Every structure is written in structure tokens, then in C-alpha cells.
Amino acid sequence: MQRVASIAAMQRLARQWQRAGKHIGLVPTMGYLHAGHLSLVKRARQAVGKNGVVAVSIYVNPVQFGPKEDFSKYPRDLKRDLKLCRDAGVDVVFVPDDREMYERRGGSLSSPDPRKNLGSTESRPTGFSTYVVEERLSRTMEGAARPTHFRGVTTVVAKLFNLVLPDVAVFGAKDWQQATIIRRMAADLNFPVRILVAPTLRERDGLAMSSRNKYLTGGLRAQATVLWCSIQMARATVKKLKAFPAAGLKTAVKKLVACEPDARLDYVEFFDPDTLLPVSKVKRGAHMALAVFVGKTRLIDNARL
Ligand code: PAF
């Protein structure tokens, strides 16, 4: 397994693979890998075949974090991530740093103070001023709660597509809105990449796997199952009653979340899985997404009902 840190080396390698006719699969991550990430790697390998190459990027992208969010304390363990990737048969791990991603141009630095503002109060690099913004799908749910988040995601993913030149990129269904936005971005901007979305992996009690689960200490871990309980409750309601007003289900979810002493509902939404447009009557096949603070940790989950 190769470890690549520079943009120049990553692009050189990707061009070599292309010239050799190898299919390239990319799994973009922010590291602190878990079984959910490894299932994306497996999906990428299936897609490119044994003669293809699978690249995993590990980069905690400062630009997708809001000023009061957890950029600086986001869990990191590169040594462990590299071992997991090696064991999973990954060919290349791309591990750029902030300077490489947002400041360096053609071998020189574009700003005399490259770390200025990265991940700090503004999460805005000084030597960088071009962003990719999806303007429709990114307005609701996570986009409403975290106004600059998707701009950061689409910008870094577009950069990764340009650097790794993937034929296929795999994202997790846990971030359903993110995957939908990236698929739209790839289509709108003609990136020659197929976007695959792999199912959410869950712990035994239903909690969706996430690097942020590490924050759930003590009694918070048990309370975090309220997201999955809410999904199951909505699923059961829709199964029994065929169609149910979204407003009524939202109230029921709010009440369920309020039963947990340290949980606070940020939002819950019922929507069409492709357009992300809200539905007023929830039927089977509609999608549900919710965000809940459990203590200080903000967790998200979603599922088809
Ligand atoms: O889902 C994530 O981990 C991140 O949003 C991504 C896609 C790696 C971009 O930083």
C-alpha cells in the first residue's frame, strides 16, 4: 500500500493508472475509520475489480466545519487508519494536509501564513477563494442547520475528484443528503465518475456507525439509540397506517427524543429520497432523516420508511 501526501504525487499516480487503463475507485473519508468505512472500501473494490485500484483519502476538511463545530477535536488516529486500510487491501491512501489542499499552488505557497484561519473561527483558508456550491438540494436539513457545511464538502470532493481521477467514488448512505448533493454535483459539472452509495452499518443496538460515536461516553451511548428508535417508530407507523401526516410523525419523534435526559432534537424531516423535497403525507418509500444532540455530540441518521 502506498501512502501519498502531496497533490503532485497523487495526480502523477492517478494519470499513470489512467494510462495503464486501470479503473480507479475512491473512498473519501475524514479518517478515524470504522467498519462502515471499510464496507465502502469493499464496495469500491467490487466496482473496480481486482485489476483496478482503490484509493482512500483521509483528510479532516476544515472548510466543512462551522466556527463552533468540532474541527479541532474531531477524532484522528492515522496509524490505526493506515493499518486498517492495508488490511482491507487498499492500494493508496491519500493523506494531504491543510497546506497542501488549500494553500500550495504549483509547488509554491500562495499565502505567507498558510495555516491562518484553517479550522479556526472562520474555517476559511486565506490563500484559496474558489468554492463549489450546490444551490438547491443543500438548503434543507443539514444545509439549514450547518449553513456552510455542504459548500465545504462539495469543494473538497470536487478537488479530490480532480486529484484522484476516480471512475467510481463510494459514499455512505448515512450521509444521505451529502451523497445526493455529490451525485448532483458530479452530474452538473460533468465529472466522469459514477457515484455509489453503500448502506449504513449499525451497531447491534441500531446506532449508526460514526467516528463521532467516540464522543458518547457514560450514559450518553445508551441515549444515542433514540435516533434508531425514532426511525423504527416511524417505520412501524407507516407500515400499519399506509400514510400518515408528516407533522404528526414529527411531533411523535420530538416526544420520543425528549424522553432522553441529555438528548435534544435538532430536526426531523420526511422527504422524497431523490429530490429531497419534503412530503406532507408519509408513505412507504419516503425517506426520514434526523439530527439529535446527545450531550454535546450531534448525531445524524436516516432511512427509507
Ligand atoms: O463524509 C465525510 O466523511 C466527508 O464529508 C467527506 C465526504 C470525506 C468530505 O470531507
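Analysis parameters
Residues numbered from 1 in each chain as written. Predicted model: local features only at pLDDT ≥ 70, side-chain atom pairs only at ≥ 80, totals over all residues. Heavy atoms only, no water. Helix = DSSP H or I, 4+ residues; strand = E, 2+ residues; numbered from the N terminus. Buried < 20%, exposed > 50% of the residue type's maximum accessible area, 1.4 Å probe, protein only. Patch = residues over 30% accessible without salt bridge, like charges linked within 9 Å, V, L, I, M, F, W, Y side chains within 5 Å. Areas by Shrake-Rupley, 256 points an atom, 1.4 Å probe, with all protein chains shown as cover. Salt bridge = Lys/Arg side-chain N within 4 Å of Asp/Glu carboxyl O. Lys, Arg positive; Asp, Glu negative; His and termini not counted. Charge placed at Lys NZ, Arg CZ, Asp CG, Glu CD. Pairing = 2+ DSSP bridges. Axes fitted to C-alpha atoms, helices over the stretch in contact; angles between N-to-C directions. Contact = heavy atoms within 4.5 Å.

(A) Focus on unusual backbone geometry. Here the phi dihedral of Met141 falls at roughly 45°; this positive angle occurs in a residue that is not glycine. Locating Met141 in the fold gives a position in the loop between β6 (108-109) and α5 (142-145). In this model, Leu276 sits at a positive phi of 65°, which is unusual for a non-glycine residue. Mapped onto the elements of the fold, Leu276 is located in the loop between β10 (263-271) and β11 (281-283). Owing to a relative accessible area of 4%, Leu276 belongs among the buried residues under this scheme.

(B) How the structure looks around a positive patch on the surface. A surface patch of like charges, here positive, comprises Arg235, Lys239, Lys242, Arg284 and Arg304. Inspection of the secondary structure puts Arg284 in the loop between β11 and β12 (287-294). By relative accessible area, which is 62% here, Arg284 ends up exposed.

(C) Here's a closer look at the sheet that holds β12. Strands sit in the order β10-β12-β13 across an open sheet of three strands; the sheet is antiparallel. Each having just a single partner strand, β10 and β13 (297-304) make up the two edges of the open sheet. Put simply, the sheet's adjacent strands are angled 15° from each other on average, direction ignored. Here β12 runs beside β13; their pairing, made up of eight bridges, is antiparallel. Following the sheet pairing, Met288 is matched in β13 by Ala303. The sheet contacts of helix α10 (residues 246-258) involve β10 and β12, and relative to β10 the element is tilted by about 160°.

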